[in-house]
Structure formats: structure tokens, C-alpha cells
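Coordinates in review
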Amino acid sequence: MAGELEGCTMPIKPENKARYPKNWKSEVVPRIRARSGNRCECTGQCGIVHSIQPEEATTLRCWAINGERHPIGGYRVVLTVMHLNHTPEDCADDNLLHGCQSCHLRYDQKDNQRKARVTRFRKQGQEDLGV
Ligand SMILES: [Zn+2]
Ligand SMILES: [Zn+2]
């Protein structure tokens, strides 16, 4: 698992590149980086409960810090800005999360599973789930 994630930087998918705003790299990413303090901002959005640290017992925030070893996986952390609703055009602060590889992958997998479920439902001719 650690080797698999090593050096992974989550590049923007080519088909989505045109959808990112022009100021993505110059303004949006620096803004979110400043907000996160270069530490993963995930507080459970990826679907797992992050370990409780005594001094921050209420937030359950992921402990991955950009450029350092991941506290659980051991690989070097690369934080990337992700869109919670998977819409690159939507760069509102609350749609963006500075996340480590683990949280990013888990979040995407969770979403893919949800999408697959919805697709299955649609194929069966059941009513739209509204998601
Ligand atoms: Zn994380
Ligand atoms: Zn997480």
C-alpha cells in the first residue's frame, strides 16, 4: 500500500483540465494551502474516523503533513486540492479540501461506489435517487 502511493501527486485528469478556472494554480491552490497550513484538512469526509490526538480531540483531523511521512502509511505526503462535489468549476471554499493521498483516494472510491450504486438503480428502472 505504501509503495503504491509513494510519489503519487494526483494529476488533474486531461479531460478535466479545461474545466479548471484560470486562477486555479495562481490563486485557488495557494488560498487553500494557506487555509490548511499544509496539513490534510480531512475530518472524516473520506469515510474513516481519523485517530484522536489529545490536543485536538474534537476535530478528528487527518495528521498528514505535506512533504512529511504519512503517520499511518509511511509514504511521503503530497497534499492536493480536491473538489468535494467533483466539479472543477466549483471553487467555493467549502467545496475544496486540501487532502493527502489516502483521504483523496478513499474519498474518490467512496464516490465511485455511490455512483455505481446509482447507475445500477437507474439500469433497473427504479426511480432516481436524487444524488
Ligand atoms: Zn488525509
Ligand atoms: Zn480522511
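First things first, this report covers the structure right here in the doc. (Residues numbered from 1 in each chain as written. Chains lettered and ligands numbered in written order. Predicted model: local features only at pLDDT ≥ 70, side-chain atom pairs only at ≥ 80, totals over all residues.)

All right, on to the overall build of the protein then. Secondary structure summary: the protein contains three helices and two strands in total. Here the contacts in the protein between residues at least 6 apart in sequence split such that 56% fall between residues at least 24 apart. (Helix = DSSP H or I, 4+ residues; strand = E, 2+ residues; numbered from the N terminus. Contact = placed C-beta atoms within 7 Å.)

Most peptide bonds adopt trans geometry, and most residues besides glycine take a negative phi value. Not every positive phi belongs to a glycine, and Asn-38 is a case in point at roughly 65 degrees. Structurally, Asn-38 is set in the loop between helix H2 (24-36) and strand E1 (80-83). Using a count of 14 C-beta atoms within 10 Å as the deciding quantity, one classes Asn-38 as partly exposed. Unusually for a residue other than glycine, His-86 sits at a positive phi of about 60 degrees. With respect to the helices and strands, the residue His-86 is situated in the loop between E1 and strand E2 (96-99). (Buried ≥ 20, exposed ≤ 12 C-beta atoms within 10 Å, placed from the backbone.)

This paragraph deals with the environment of Ile-12. Note on placement: Ile-12 falls in the loop between helix H1 (2-5) and H2. In this structure, the C-alpha to C-alpha distance between Ile-12 and Pro-88, residues 76 residues apart in sequence, is 9.7 Å. When neighbours within four sequence positions are excluded, Ile-12 is seen to be in contact with Lys-17 and Tyr-20.

Glancing now at the nonpolar core. Counting 14 residues, the largest nonpolar core has Cys-40, Cys-42, Cys-62, Ala-64, Cys-100 and Cys-103 as the members making the most contacts within it. Elements with a contribution of two residues or more to this core: E1 and E2. Residues in contact with Ala-64, not counting those within four places in the same chain, are Arg-39, Cys-40, His-70, Pro-71, Val-77 and Cys-100. (Core = buried A, V, L, I, M, F, W, Y, C linked by C-beta atoms within 7 Å.)

Honestly, that's just the spatial picture; any functional story needs more than this.
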